[in-house]
Structure formats: C-alpha cells, structure tokens
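Summary of the model geometry
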Amino acid sequence: MLVRRAPDLKWRDVTPEPLYLRRREFLTAVPFALGAARAVLSGDEALAQGSGEKLEAAKSQYSTTETPTPFKDVTTYNNFYEFGTDKGDPARNANTLRPRPWTVTIDGAVTKGGKFAIDDLLKPYKLEERIYRHRCVEGWSIVVPWIGFPLGDLVKAVEPTEKAKFIEFTTLMDQRQMPGERSPVLDWPYSEGLRLDEAKNPLTILCVGLYGQVLPNQNGAPFRLVVPWKYGFKSIKSIVRIRFVEHQPATAWNKSAPNEYGFYSNVNPNVDHPRWSQAKERRLGEFTKRPTLMFNGYGDQVASMYTGMDLKKYY
Ligand SMILES: Nc1nc2c(c(=O)[nH]1)N[C@H]1C(S)=C(S)[C@@H](COP(=O)(O)O)O[C@H]1N2
Ligand SMILES: [Mo]
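I will try to describe carefully the structure that is included in this document. (Residues numbered from 1 in each chain as written. Chains lettered and ligands numbered in written order. Predicted model: local features only at pLDDT ≥ 70, side-chain atom pairs only at ≥ 80, totals over all residues. Heavy atoms only, no water.)

1. Structural notes on the site of ligand 1
- As a structural note, the neighbourhood of ligand 1 is formed by 18 residues, with Asn78, Tyr81, Glu82, Arg224 and Lys237 the closest of them.
- Separating a nitrogen atom of ligand 1 from a side-chain N or O atom of Thr171 is a distance of 3.0 Å.
- Within the side chain of Asn219, an N or O atom sits 2.9 Å from an oxygen atom of ligand 1.
- For ligand 1, whose free accessible area comes to 540 Å², the fraction covered by protein is 98%. (Near = heavy atom within 4 Å. Polar contact = N/O pair within 3.5 Å; in protein donor to acceptor, adjacent residues only side chain to side chain. Areas by Shrake-Rupley, 256 points an atom, 1.4 Å probe, with all protein chains shown as cover.)

As structure tokens, then:
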C-alpha cells in the first residue's frame, strides 16, 4: 500500500477554471472540501497523485478494442525519472508537482507563438478518449484510455513557418517540484522531438487525462505527449515548451545513450536494443509474452511516413 501524502493545495490550484467553477456548487454543500472529495475516491483512485477530477471526452474512432490495463497498474508502474528511477517512485513522489498554474512557451519557427497559461492554450480543443497500446522500450506494454486531442490541431493553430521541420518538447525544470532532477541520471530537463509530419499525424495526441479523469501527476500532469507507434520514452511528460525548429533536435535519451536510443524510436520487433531483443513484450497483468508488432500495430496509419528509410539505421 502506498502512503499518500496530502498535498497543501487548494482546488483552484490544481483544477482548470471551468471545472473549478462547476465544482463549487458541490463543494458549498460539503465542508472541508478537499478531505471530503478525497474520501469519496475509490481505493484504486486514491493511488493517483492529482485532483482526481472527472473529465468528459467523446469516444474516438482511433481506439483499440483491446482491454485497458487496470487503472492501478497504469498509475503505479511508471517511468518518470524526475521523481525517481524505480517504477513505484513516481506514484509515491509526484505529489510535489504543481500542475496549476502552468505556463507553456510556444516558440521558434512559428507565427502565433508566445507564453500561454495552460487552460487558455488548451481551451479551443475538443477532448477525445483514445484507447492506445503503449510499448516501453524496456519490454513491457500497457493499454491506456488516454484523454486528449490531436497535436496537429494545435500545430495548425499556431501557424508554423516554412522553416519548421521538427518540434522540440521540453519538460519542466524545477528541482523542488521534481526532486529527481537533482540526480545526474539524465541531462535535465527531459526533452524529446518529432518530425513535423509525425507531430501532425492524426494518431499523435496531447494528453490531459486518462480513465475519465484529469491526468495524475505521475503520468505527466498537466499535459504530455502520446505517440503510440513509438517507444514510450518519446511520449514526454509535463511539457512546458513546444519549439518549432529547422533541424532535428537533441533528445534526452539520445544524448544519454546514443547507440541505444535513436531519434525515431519507432516500435520495431526486427531491430533489437543493443542489450535485449525487442521481438516480444509483456503486457502488464499477463504472464505469457506476446509478439511485439511493427509500429506497435499502427503501421496502416504511420508506415508511409518512413517509406524509403532504413529503419535499422534510423532506429
Ligand atoms: N519527462 C519525462 N517524460 C517521460 C519519462 C520521463 O522519465 N520523464 N519516461 C518516459 C517513458 S520511458 C515511458 S515508458 C513513459 C511512461 O508513461 P506512463 O508512466 O504514463 O505509462 O513516459 C515517458 N515520458
Ligand atoms: Mo519507457
């Protein structure tokens, strides 16, 4: 059992404004709002660090029909090195993250860039539930009902210039909120990148929730990338900067071990990691390994972006 430390937050600090306003009616009827709201959480939900606020989203045609991995596994078995390198560390430690207020910088080769309060930035977009397979480069996989919207919609709205060929994403750098950034395990802040066509692919989403609720801190609150045909480390969490660039950006894992983690990192059962095979994977909760699928099973929607590329060279 995890010990849950009560964060010294007010609802308005952790809750997007419209939700906060709607919630007030409920809260006025219930004294000691924070405690009361937490008391109604189910046992599973209580493992998640965050507001636990419900989030509504339309069902998406892009969802897999596979059974989602239990909420408890998705929120207690995590990679988020800013909170420690053990799989249980993020769920234990991510209560120090403050997802509101949160400022996002959009800059580089873009016409409508700037600094945005996250709720202003995300207001125009309609949320969808996307049930995706997620394959970690370490050999485990999960199925997650993410809530988000296509990154391509945001890319279009900010009007990239002709020079924009790639996007670089950066995670928050704050050693008080993210104590793992005091340890030299990676060259902080965590950063990732996509080619512009990959960013605009309809499968690529910016994610603000999962399982019908606001994204728990350990899964990358307040918002993260989800790129389902690539290894999980491309899906960068807790983003503060989206920069449009001309040249392929450096990425945290590529800088740390260039021979192990390439820029593309498409799920590929035929290209092994130098230290292990990628042919199979273990779905959390299952015993028998299953074969890993090319592009994590999303080849119909993404393979054409890599026509003519040697995927052993561009791993
Ligand atoms: N900022 C940041 N983003 C990150 C990571 C990280 O350590 N820091 N880990 C990555 C890895 S290796 C994986 S597998 C996924 C895990 O996402 P999940 O915990 O929501 O399943 O997040 C990715 N995004
Ligand atoms: Mo991963």
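2. Considerations on the nonpolar core
- One finds Ile106, Phe169, Phe223, Leu225, Trp229 and Phe244 to be the most contacted residues of the largest nonpolar core, which totals 80 residues.
- Counting residues per element, this core draws most heavily on strand 5 (residues 140-150), at 6 residues.
- In this structure, Phe223 is in contact with Trp102, Val104, Ile118, Leu122, Leu206, Cys207, Val208, Leu215, Lys237, Ser238, Ile239 and Ile242, ignoring residues within four places of it in sequence. (Core = buried A, V, L, I, M, F, W, Y, C linked by side-chain atoms within 4.5 Å. Buried < 20%, exposed > 50% of the residue type's maximum accessible area, 1.4 Å probe, protein only. Helix = DSSP H or I, 4+ residues; strand = E, 2+ residues; numbered from the N terminus. Contact = heavy atoms within 4.5 Å.)

3. Brief notes about the pattern of salt bridges
- Summed over all chains, the structure comprises 21 salt bridges.
- Note that Glu281 and Arg283 form a salt bridge whose closest N and O atoms lie 4.0 Å from each other. Neither residue differs from the other here; Glu281 and Arg283 are each classed as buried.
- One salt-bridge network, held together by shared partners, links Glu66, Arg133, Arg135, Glu281, Arg283, Glu286 and Arg290. (Salt bridge = Lys/Arg side-chain N within 4 Å of Asp/Glu carboxyl O.)

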